[in-house]
Amino acid sequence: MTSNNDILFARAQLTTPGGVNSPVRAFRSVGGTPRFVTRAHGPYFWDADDKRYTDYIGSWGPAIVGHAHPVVVQAVQDAAANGLSFGAPTEGEVLMAEEICRLVPSIEQVRLVSSGTEATMSALRLARGATGRDKIIKFEGCYHGHADSLLVKAGSGLLTFGNPTSAGVPQDFVKHTLVLDYNNPEQLEDAFRDMGDEIACVIVEPVAGNMNLIKATPEFLSTMRRLCTQYGAILIFDEVMSGFRVALGGAQSIYGIVPDLTALGKVIGGGLPVAAFGGRADLMQQMSPVGAVYQAGTLSGNPVAVAAGMATLKLIQVPGFYEGLSAQTLRLVQGLTAAAESHGIAFCADAIGGMFGMYFSAQVPVNFAEMMASDKTRFNTFFHAMLDRGVYFAPAAFEAGFVSAQHDDAVIDATIDAARSAFEELALS
Ligand SMILES: *Cc1c(COP(=O)(O)O)cnc(C)c1O
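Residues numbered from 1 in each chain as written. Predicted model: local features only at pLDDT ≥ 70, side-chain atom pairs only at ≥ 80, totals over all residues. Heavy atoms only, no water.

As annotated in an unreviewed UniProt entry, the chain is Glutamate-1-semialdehyde 2,1-aminomutase from Actimicrobium antarcticum. We quote the UniProt Catalytic activity (unreviewed entry) comment for the chain here in full: "(S)-4-amino-5-oxopentanoate = 5-aminolevulinate". Looking at the Subcellular location (unreviewed entry) heading of the UniProt record, one finds this comment for the chain: "Cytoplasm". (UniProt positions renumbered as here; feature names shortened; annotations may be inferred.)

Dropping the structure here:
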């Protein structure tokens, strides 16, 4: 039987490459037909066949208060009624900048942009502009958006410069990007000893969410902080995913480490396109129009998007919000782990704030290589078994999951029930 999802997907592929506007949505990794979403509410969304799913991606993070939260929707409607975009400053942008600086103390000044890619790309340019250096360090498995300098994987040898992960990225760009192992402070020490005076910046996801969930060790981040300070390099925390997701103050508030610059996105737009980069005032003062580092955006600080972001930032400051969110996420991963164990499946899970990882492996991975060694085939079978049962996890083995404040006990327990039956199916296959 051909479903409405199949029909839409076939049509989409005629006019859009792969039928999607962002690759992971195409289900290439898990196989099958992507679900076309028609509406979403609270912890659920519905597809083109009107089937309901419990949503564990929440737009890859932004839907932290649940879909179509009435307060956020009202804020968007009110803002829209006053005009959609002006290309001139608004009070909303001032309020949002003040709010971000207050919630993330390492950010003394901030600039709003429209995507995480723009935020990290601009932070990188600022770091290079401020230091007068070209080389950057990133870590295998971290994703920082799709700017040329950041679509790079490790080269053949330790401390050799990287290879592009996309066609169309000039070798001339990637030759400035050194890719090191996540959670390997010794390697970082070696790199700085070798060429510390040439490094403009280190960019890192302090809680990695793009190779499934992998937490940094405190030692990894503190070594990074110390070396950047010692060699005059800029430390950039890419908290596009972890910001306002793992805690109100982001991963930096959990680890107690102060980066020079931070990139934000996802949650701060509450589902509309807002992202930001900010940090030390002396660095941010080097941005145009005050300084020499150029960056701009027609829709930056868009009034409707800022309204959605501000409404969301207010909702997550309700006392107990993160305690509740963390408890629900923990309930989920503990339930999933117990369900897998009862069927003898090699499975583990990890969580931090409203973010979680599931791994078909005996132990929680600490870096990209360990993550890649987990059982992808098993994940794919589990993914489809859960999808059949109305639970939507990220359609790829190496992605993190997200819980919203609307995922209450009943919602989580229904997911665990579904998982029990899915693991049983897996154990028999
Ligand atoms: C999502 C993400 C980005 C890119 O953000 P876009 O808005 O998709 O451009 C950058 N860094 C991290 C850590 C992300 O999770």
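Text resumes after the structure shown.
Participant: Give me the lowdown on the environment of methionine 241, citing residues and values where you can.
Facilitator: Along the chain, methionine 241 falls in the loop between β12 (234-238) and α8 (250-255). For the pair formed by methionine 241 and glycine 209, sequence separation is 32 residues and the distance between their alpha carbons is 6.8 Å. Methionine 241 has contacts with Gly209, Asn210, Lys266, Met355 and Phe402, leaving out every residue within four places of it along the chain. (Helix = DSSP H or I, 4+ residues; strand = E, 2+ residues; numbered from the N terminus. Contact = heavy atoms within 4.5 Å.)

Participant: Can you explain the site of the ligand? Please cite residues and give values.
Facilitator: Surrounding the ligand, one finds Ser115, Gly116, Thr117, Tyr143, His144, Gly145, Glu205, Asn210, Asp238, Val240, Met241 and Lys266. For the ligand, an oxygen atom lies 2.7 Å from a polar atom in the side chain of threonine 117. The contact in question runs from an oxygen atom of the ligand to an N or O atom on the side chain of lysine 266, over 2.6 Å. Its residues assigned to classes, the shell around the ligand comprises three nonpolar, six polar and three charged. (Near = heavy atom within 4 Å. Polar contact = N/O pair within 3.5 Å; in protein donor to acceptor, adjacent residues only side chain to side chain. Nonpolar A, V, L, I, M, F, W, Y, C, P; charged D, E, K, R; others polar.)

Participant: Break down the pairing of strand β5 (residues 135-139) for me, citing the residues and quoting the values.
Facilitator: Most of β5 sits inside the fold, with five of its five residues counted as buried. Bridge count for β5 against strand β9 (residues 199-204) is three bridges, and the pairing is parallel. Its bridge partner being in β9, isoleucine 137 is matched across the sheet by valine 202. Sheet topology note: the β5/strand β8 (residues 177-180) ladder contains four bridges and is parallel. Along β8, the bridge assignment pairs isoleucine 136 with threonine 177. (Buried < 20%, exposed > 50% of the residue type's maximum accessible area, 1.4 Å probe, protein only. Pairing = 2+ DSSP bridges.)

Participant: Explain the pairing of strand β13 (residues 261-264) residue by residue, including any values.
Facilitator: Alternating positions in β13 separate into two faces, Leu261 and Ala263 on one and Thr262 and Leu264 on the other, with burial throughout. Taken together, the three bridges between β12 and β13 define a ladder with parallel strand orientation. Bridge assignment links aspartate 238 to a residue of β13, and that residue is alanine 263. The handedness of the β12 to β13 crossover, carried by α8, is right-handed. In the sheet, β13 pairs with strand β14 (residues 275-279) via four bridges, with the strands oriented antiparallel. Its bridge partner lying in β14, alanine 263 is registered against phenylalanine 277. (Right-handed = clockwise from strand over helix to strand, strands pointing away.)

Participant: Explain the environment of leucine 126 residue by residue, including any values.
Facilitator: Here leucine 126 lies in helix α4 (residues 116-131). What makes leucine 126 buried here is its relative accessible area of 0%. Spatially, the C-alpha atoms of leucine 126 and alanine 292 are 9.2 Å apart, while their sequence positions differ by 166 residues.

Participant: Account for the environment of phenylalanine 237, with residues named and values stated.
Facilitator: With respect to the secondary-structure elements, phenylalanine 237 resides in strand β12. Take phenylalanine 237: its relative accessible area is 0%, and that puts it in the buried class. Beyond its immediate sequence surroundings of up to four residues, phenylalanine 237 is in contact with Val204, Pro206, Leu221, Gln252, Ile257, Pro259, Leu261, Thr262 and Ala263.

Participant: Provide a residue-level description of the side chain of threonine 120, including the pertinent values.
Facilitator: Here threonine 120 lies in helix α4. One polar contact links the side chain of threonine 120 to the main-chain carbonyl oxygen of threonine 117, over a distance of 3.2 Å. Beyond its immediate chain neighbours, meaning those up to four positions away, threonine 120 contacts His144, Leu150, Ile203, Asp238 and Ala263.

Participant: Tell me about the pattern of salt bridges, and please be specific about residues and values.
Facilitator: Counted under the stated rule, the structure contains 16 salt bridges. Salt-bridge contacts for arginine 331 lead to aspartate 413; the nearest nitrogen and oxygen are separated by 2.9 Å. Of the two residues, arginine 331 sits in helix α11 (residues 321-342) while aspartate 413 sits in helix α14 (residues 409-428), which places them 82 residues apart along the sequence. Residue classification places arginine 331 among the partly exposed positions, given a relative accessible area of 33%. A salt bridge links glutamate 425 to arginine 389; the nearest nitrogen and oxygen atoms lie 2.9 Å apart. With glutamate 425 in helix α14 and arginine 389 in the loop between α13 (376-388) and β17 (391-392), the pair connects residues that are 36 residues apart, well separated along the chain. With a relative accessible area of 30%, arginine 389 lands in the partly exposed category. (Salt bridge = Lys/Arg side-chain N within 4 Å of Asp/Glu carboxyl O.)

Participant: Summarise unusual backbone geometry; cite the residues concerned and give the values.
Facilitator: Residue proline 289 is reached from serine 288 by a cis peptide bond, and omega for that bond is 10°. Within the fold, proline 289 resides in the loop between α9 (281-284) and α10 (303-315). Unlike most non-glycine residues, aspartate 50 shows phi in positive territory, near 60°. Structurally, the position occupied by aspartate 50 is in the loop between β2 (44-47) and β3 (52-55).

Participant: An account of the layout of surface pockets is needed here, citing residue identities and associated values.
Facilitator: What the second largest pocket holds in volume is close to 610 Å³. Contributing to the lining of the second largest pocket are 30 residues, with Glu93, Val110, Arg111, Leu112 and Ser300 lying nearest its centre. Of all the elements in the fold, those that place two or more residues in the lining of the second largest pocket are α3 (91-103) and β4 (109-113). Tallied by class, residues from the lining of the second largest pocket come to 15 nonpolar, 12 polar and three charged. (1 Å grid on protein atoms, 1.4 Å probe; cavity = no way out; pocket = protein on both sides within 12 Å on 5 of 7 lines; lining within 4 Å. Points joined across faces, edges and corners; volume = space filled by probe spheres on them.)

Participant: Summarise the packing of aromatic side chains; cite the residues concerned and give the values.
Facilitator: Counted under the stated rule, the structure contains 25 aromatic pairs. Taken together, a centroid distance of 6.0 Å and an interplanar angle of 20° make the contact between phenylalanine 382 and phenylalanine 393 stacked. A residue pair is termed long-range when its members are at least 10 positions apart, and phenylalanine 382 in helix α13 and phenylalanine 393 in the loop between β17 and β18 (401-402) qualify at 11 residues. For the residue pair phenylalanine 382 and phenylalanine 393, the accessibility class agrees, reading buried in each case. Over the face of the ring belonging to tryptophan 46 we find arginine 39, whose NZ or CZ atom lies 4.2 Å from the ring centre. Taking NZ or CZ as reference, arginine 52 lies 3.8 Å from the ring centre of tyrosine 44, over its face. (Phe/Tyr/Trp six-rings, centres within 6.5 Å; stacked < 30°, edge-to-face > 60°. Lys NZ or Arg CZ within 6 Å of the ring centre and 35° of its normal.)

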